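Structure assessment
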Amino acid sequence: MATMADFRYDKATWCPGCGDFSVLAALQQVCVKIGLEPEDVCCVSGIGCSGKISQHFGSYGFHSLHGRSLPTAQGIKMANQDLTVIAAGGDGDGYGIGVGHFIHACRRNVDITYIVMDNHIYGLTTGQSSPTSKKGFKTKTSPKGVAEEPIKPLELAIVSGASFVAQAFSGDLKQLQRLIEEGIRHKGFSLINVFSPCVTFNRVNTYEWFKENIVNFDEQEGYDPTNKAQALAKIAETESVCTGILYREDRPAFHEVVLGATEQGTVKVPLEIPNDEMQSLIDQFRR
Amino acid sequence: MKYEVTYMTNEFTWKVGGAQGEGIDSTGEILATVLTRMGYYIFAYRHFMSLVKGGHTNYKIRASTTDPVYYHGDDLDMLVAFDQTTISENEDELIEGGIILHDAKFQAQTNRQGLQVCSVPLLDMAKELGNPIIKNMVAAGASAYVLDIDPSNFYEQIEQQFAKKGQELIDLNKTAFNKGYDYIKENYPDVRKPAPQATRPGSGYLLMNGNEAIGLGAVLNGCRILAAYPITPATEILYWVLANLPKYGGKVLQAEDEIAACIMAIGANYAGVRSMTSTSGPGLSLMMEALGMSGISETPLVIVDVMRGGPSTGLPTKTEQSDVNEALYGSHGETPRIVITPTSIPDCFYQIGRAFNLAEEFQVPVIVCTDLLIGMNKMSFQDLDLSTVDITRKNLVSQEQLDALEKGAFKRYSLDTESGISVRSIPGQKNGRYCALTNEHEETGLEIEDVPMRNAQMEKRFRKLNAMEQHINDWGYEYKGSETPDVLIVGMGSTQAQICEAIKQMDGQSVGHLQYRCLMPFPKDTQKYFQAAKKIYVVDNNFTGQLTGLISRELGFHDKLTPLLKYDGNPFTIREILAAVKG
């Protein structure tokens, strides 16, 4: 059985107090709890502060390109469906440069868990507005306040066909762990958007701010995460400042329905084709 | 000045043209298949436009009884025209006394003297049979009479082609064929250009285009994931692999764009599956960041780029060799890579197989640049050599090796390597953990910025070039002719066919032909041919002379190189090469 130590690698370099520490810790704890071995997990990240998670998580990893964690993760999962594949990154990475891939990953329902550390700001490039920055939020690139409407990742995921959509908060480690665990156990594409405050560049959306404003749907009686219309309405009511499992449905994962679906991972399929079959492939062209 | 191209008596050329959507391709395909069956070597060339209905499209076949045909020829013996545009656009290609067979629905006009023009009510006869589209078969029948091809060859093809659709359709097609055949026989009995007799009936030649050869070669050489986005002229690769890979447990992903396609292929390669992406110029541009990702993370990657006319959307249905610079130098920063330009349709099969082995051996991106000429056009040939199929997976660390290490001691980017290659683990292997990194990194995959490690990792990656350079000498180019030629003609990729044919016409001259198949690493030992030659012509199917530039950067000889440039979307003709070389 793997321990927490097996899922640690070197020391993370985030600012003291950064919400991303909680995400890394939660992910490590969940992997130990559900009995995964480090070699059976692959953590793929994009670029940004949060992207460094793959270097410090003790499983196999790919610290890929800005916005490209999802295509990388999908390629890995298609190659080996037996791996537990985690994609991770920030709001700029996932909802800015990578938003096209995000929508398609949702509709494809590839069985990966996508954790977005959403701090409403670009941290590593020292404080520009992000796709989830609230309207009017002042940053280096929006000195008079952000003019655009923010991306609404939860609604976007739901209408794009994600089969598991949750939102957590770095300040509530217990719920964060539970949601990551549910996400990993879920068969299909799961989004876990995590409010992960940037203590250096975002003085508005702080731990305190989230604590005061978050509505936790997991604790609300009568909230039915399988009811898509209700989910969309409730998320909108809170202006997306809510946590919990917001939507889930059972749907076959992509590797189960893709043409040529195999019981085992593609990586285990033999590469050599017997000579007579090679010949018959060529004979298709014989006239 | 018009240079004569002499064709052998053992061959003939035929073309059918009309508006897109009129069934031009299927008319051409019927004859191509029949001729291949009869034992002709053929090359079938499609001229088409980026639209679904209308415009002008044509299909040309050049057939030989003796030798494989790698190019569709400069000249034309017989033209079947469904409309006047076909005549206007193609009459210049006809030989003296050439034949035009046109639909009687229009009054044919030609600027050429001395042609034999036959008016045949193709559409009307088809309508009489109750199916206008069957004019294709009427045209095939009419062509068969002119070429003196025994109708039984067509009957056989019709029976096979429509076997699943029932006897009624078979009979209808045969009747249509006979109508065309008999019409010419009665009305133009003397308009004949008998095809030289094929000597190898029933030899079962393969009829294939380069895209199919790439797909076939990839699947046989262990490719198990293809991620791609539809694009002319590369989409057929996707089709063939989609139809054939799933039964071997492979997967085909239609990605949302070429960025995703290429990066999915990298992800799959990282996870241990031989994977590739296929595209054309606009897609290759989107893959530039992924090239660097493969390079610095040392993850194998195979990209097939079927080049078309650029820039930007450019000429989507025309050919060019203008992505070469991008393949060689595209993407920011510096990483070693391999760029291969297959020289013919069968060569596409052989080079894609090689690409997979090279990508894994050197842990670098390999770009295979074909072009529309060999990608979408078909030729018939005897066979493919299956003994070249060789799946050699090099530089993977074994589980025993990992078990022998202390826990966590595996160094994926180990500097302790003379060749620059460090062994790779695959997710799932115990004690093989690493993080593949697009940042500069130390040996286990943690990002760094310190000077000695940065330098050491850059130097490690580029040390691979030494071994790569050794490797390519065997196959990176072909040379034919005098070792000390007066005239050296140099090309890359698909221009091989026209250059060969041009040289055949240069009897009595001391000529050498150098054809590059690998552009990076550059086969430097070709320098000796440049040194010896008095005059050097570089056949470059682009505007800026991309091969010429590469040669001068790698070898020098700036003052000796004369580029032959062409950028109108069409492949070089033999005549164009002769005109330039003969000056």
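Keep in mind the model is a prediction, meaning the values are calculated, not measured.

Regarding the overall build of chain B
Scanning chain B from N- to C-terminus turns up 20 helices and 21 strands. The C-alpha atoms of chain B give 26 Å as radius of gyration, which agrees with the globular expectation for 583 residues (25 Å, within 12%). By its C-alpha atoms, chain B is 90 × 60 × 40 Å across when sized along the principal axes. Per-residue burial for chain B yields a buried fraction of 65% across its 583 residues. For chain B, restricting intrachain contacts to residue pairs at least 6 apart in sequence, the fraction spanning at least 24 positions comes to 74%. For chain B, the computed accessible surface area is about 20600 Å², with 50% contributed by carbon and sulfur atoms. Taking the average place of the 53 positive charges on the side chains of chain B and the average place of its 71 negative ones, the gap between the two points comes to 2 Å.

Here we look at the sheet that holds strand S9 (residues 215-216) of chain A
Note: strands within a sheet are paired through backbone hydrogen bonds, in either parallel or antiparallel orientation. On the basis of which strands lie adjacent, the open sheet formed by nine strands has the order S9(A)-S10(A)-S7(A)-S8(A)-S4(A)-S3(A)-S1(A)-S2(A)-S15(B) and mixed pairing. In this open sheet, the two strands that pair with only one neighbour each are S9 of chain A together with strand S15 (435-437) of chain B. Direction of pairing for strand S7 (residues 164-169) of chain A relative to strand S8 (residues 190-195) of chain A: parallel, over a ladder of six bridges. Looking at S8 of chain A, one finds that Ala166 of chain A is bridged to Ile192 of chain A. Taken strand by strand, helix H6 (residues 153-160) of chain A contacts S7, S8 and strand S10 (242-248) of chain A, and its axis lies near 165° from that of S7 of chain A. Against the sheet, helix H7 (residues 173-185) of chain A engages strand S3 (84-90), strand S4 (113-118), S7, S8, S9 and S10 of chain A, with an angle of about 160° to S7 of chain A.

Digging into the packing of helix H7 (residues 210-220) of chain B against helix H8 (residues 235-244) of chain B
Residues and elements named next belong to chain B. It is at 8 Å that the axes of H7 and H8 come closest, and there the two elements cross at 45°. By the angle between their axes, H7 is oblique relative to H8. Crossing handedness for the pair H7 and H8: right-handed. Contacts from Asn211, Glu212, Ile214, Gly215, Leu216 and Val219 in H7 reach Glu236, Ile237, Trp240 and Val241 in H8.

Describing the environment of Asp10 of chain A
Among the structural elements, Asp10 of chain A can be located in the segment before helix H1 (20-33). A residue is classified by how much of its surface remains accessible, and Asp10 of chain A, at 56% relative accessible area, is exposed. Sequence-wise, Asp10 of chain A and Gly260 of chain A are 250 residues apart; in three dimensions their C-alpha atoms are separated by 40 Å. With sequence-adjacent residues up to four places away left out, Asp10 of chain A is seen in contact with His56 of chain A together with Leu446 of chain B.

Some words on the domain arrangement of chain B
All names here are of chain B. Domain assignment breaks chain B into domain 1 (11-187), domain 2 (207-388), domain 3 (399-472) and domain 4 (477-582). Each side of the interface is counted separately: domain 1 has 19 residues, and domain 2 has 18 residues. Where domain 1 meets domain 2, there are two salt bridges. Here Glu236 makes a salt bridge to Arg46, at a shortest N to O gap of 4.0 Å. Sorting the residues of the side of domain 1 that touches domain 2 by element identifies helix H1 (24-38) and strand S2 (41-47) as the ones contributing at least two each. Tallying contributions element by element places S2 first for the side of domain 1 that touches domain 2, with seven residues.

Quick word on the sheet that holds strand S20 (residues 535-540) of chain B
All names here are of chain B. Reading across the sheet, the five strands line up as S16-S18-S17-S20-S21 and stay open at both edges, with mixed pairing between neighbours. The open sheet has two edge strands, strand S16 (477-481) and strand S21 (561-565), and neither has a second partner. On average, each strand axis in the sheet is tilted by 20° relative to the strand beside it, whichever way the strands run. Where S16 and strand S18 (residues 511-516) come together, five bridges link them in antiparallel fashion. Residue pairing for S18: Gly481 is matched across the bridge by Gly512.

Some words on the UniProt feature "domain: Thiamine pyrophosphate enzyme TPP-binding" (unreviewed entry) in chain A
Taking the UniProt record as the reference, the feature "domain: Thiamine pyrophosphate enzyme TPP-binding" (unreviewed entry) is found at residues 48-194 of chain A. For the annotated span residues 48-194 of chain A, helix accounts for 36% and strand for 22% of the residues, and the straight-line distance between the end C-alpha atoms is 15 Å.

Let's talk about the pairing of strand S14 (residues 378-381) of chain B
Residues and elements named next belong to chain B. Taking every second residue as pointing to the same face, both faces of S14 are buried, with Lys378 and Ser380 on one and Met379 and Phe381 on the other. In terms of strand pairing, S2 meets S14 through two bridges, oriented antiparallel. Note on S14: the bridge partner recorded for Phe43 is Met379. Direction of pairing for strand S7 (residues 206-209) relative to S14: antiparallel, over a ladder of four bridges. Residue pairing for S14: Leu207 is matched across the bridge by Ser380.

Regarding a nonpolar patch on the surface
All names here are of chain B. Where nonpolar side chains cluster on the molecular surface, the patch consists of Phe543, Leu565 and Tyr567 and spans about 320 Å² of accessible area. Assignment of secondary structure puts Leu565 in strand S21. On the basis of relative accessibility, which here comes to 36%, the residue Leu565 falls in the partly exposed class.

Details of the nonpolar core
Counting residues in each nonpolar core, the largest one holds 96 residues, and the members touching the most others are Phe102 and Phe189 of chain A together with Val490, Tyr516, Phe530 and Ile551 of chain B. Among the elements that line this core, the one with the most residues is helix H9 (residues 258-270) of chain B, at 10 residues. Sequence-distant contacts of Val490 of chain B, that is, excluding residues within four places in its chain, are made with Ile499, Leu514, Tyr516, Phe530, Ile536, Tyr537, Val538, Val539, Leu547 and Ile551 of chain B. Ranked by size, the runner-up nonpolar core spans 60 residues in total, among them Val69, Leu216, Val364 and Trp475 of chain B.

Details of the interface of chain A and chain B
Facing the 57 residues of chain A at the interface are 73 residues of chain B. At the boundary of chain A with chain B, total buried surface from both sides reaches about 5400 Å², with 64% on carbon and sulfur atoms. Counting the surface chain A buries against chain B, the share from its top three residues, Tyr60, Phe285 and Arg287 of chain A, is 16%. Inspection of the chain A/chain B interface yields six salt bridges. A salt bridge links Arg68 of chain A to Glu289 of chain B; the shortest N-O distance between them is 2.4 Å. The tally of links from chain A across to chain B stands at 33 residue pairs in polar contact (both at pLDDT 80 or more). Within the residue set of the side of chain A that touches chain B, elements represented by two or more residues are helix H2 (53-56), strand S2 (60-63), helix H3 (69-79), helix H5 (99-108) and helix H11 (275-283) of chain A.

Thresholds applied
- Sequence positions are assigned chain by chain, starting from 1 and proceeding in written order.
- Note on labels: chains are lettered from A, ligands numbered from 1, in written order.
- The predicted origin of the model limits local features to residues at a pLDDT of at least 70 and limits the giving and counting of side-chain atom pairs to 80 or more, whereas totals for whole chains, interfaces and linings rest on all residues.
- Only heavy atoms go into the side-chain values, all of them from the structure, while hydrogens and water stay out.
- Helix numbering and strand numbering both begin at the N terminus, where a helix is a DSSP run of H or I of at least 4 residues and a strand a DSSP run of E of at least 2.
- The atom set for the radius of gyration is the C-alpha atoms, and the globule formula is 2.2 Å times the number of residues raised to the power 0.38.
- The rule is simple: take the accessible area with a 1.4 Å probe, protein chains only, and divide by the maximum for that residue type; under 20% is buried, over 50% is exposed, in between is partly exposed.
- For this analysis, residues touch if any pair of their heavy atoms sits within 4.5 Å.
- Only the protein chains shown count as cover for residues, and the accessible areas themselves come from Shrake-Rupley with a 1.4 Å probe.
- Positive charge is attributed to Lys and Arg, negative charge to Asp and Glu, and no charge count is given to His or to the chain ends.
- Working definition for charges: the position is that of NZ of Lys, CZ of Arg, CG of Asp or CD of Glu.
- Any two strands with at least two DSSP bridges between them are considered paired.
- Throughout, an axis means a line fitted to C-alpha atoms (over the contacting stretch in the case of helices), and angles, computed between N-to-C directions, take values from 0 to 180 degrees.
- Angle categories: roughly parallel below 35 degrees, roughly antiparallel above 145, roughly perpendicular from 65 to 115, and oblique for all the rest.
- In this scheme, a crossing is called left-handed if the near helix is turned counterclockwise away from the far one by less than a right angle; it is called right-handed if the turn is clockwise.
- Segmentation into domains, and thus their bounds, comes from an automatic or database assignment.
- Whenever a carboxyl oxygen of Asp or Glu lies within 4 Å of a side-chain nitrogen of Lys or Arg, that contact is scored as a salt bridge.
- UniProt positions are given in the numbering used here, feature names are shortened, and annotations may be inferred rather than shown by experiment.
- Candidate patch residues must exceed 30% relative accessible area and have no salt bridge, after which like charges are joined if within 9 Å and Val, Leu, Ile, Met, Phe, Trp or Tyr side chains if within 5 Å.
- Joining through side-chain atoms within 4.5 Å is the link that ties buried Ala, Val, Leu, Ile, Met, Phe, Trp, Tyr and Cys residues into a set, and such a set is a nonpolar core.
- In this description, buried area is defined as the sum, over both parts, of the accessible area (probe of 1.4 Å) that is lost when the two are combined.
- Two N or O atoms form a polar contact when they lie within 3.5 Å of each other; inside protein one atom must be a possible hydrogen donor and the other a possible acceptor, and for residues adjacent in sequence the pair counts only when both atoms belong to side chains.

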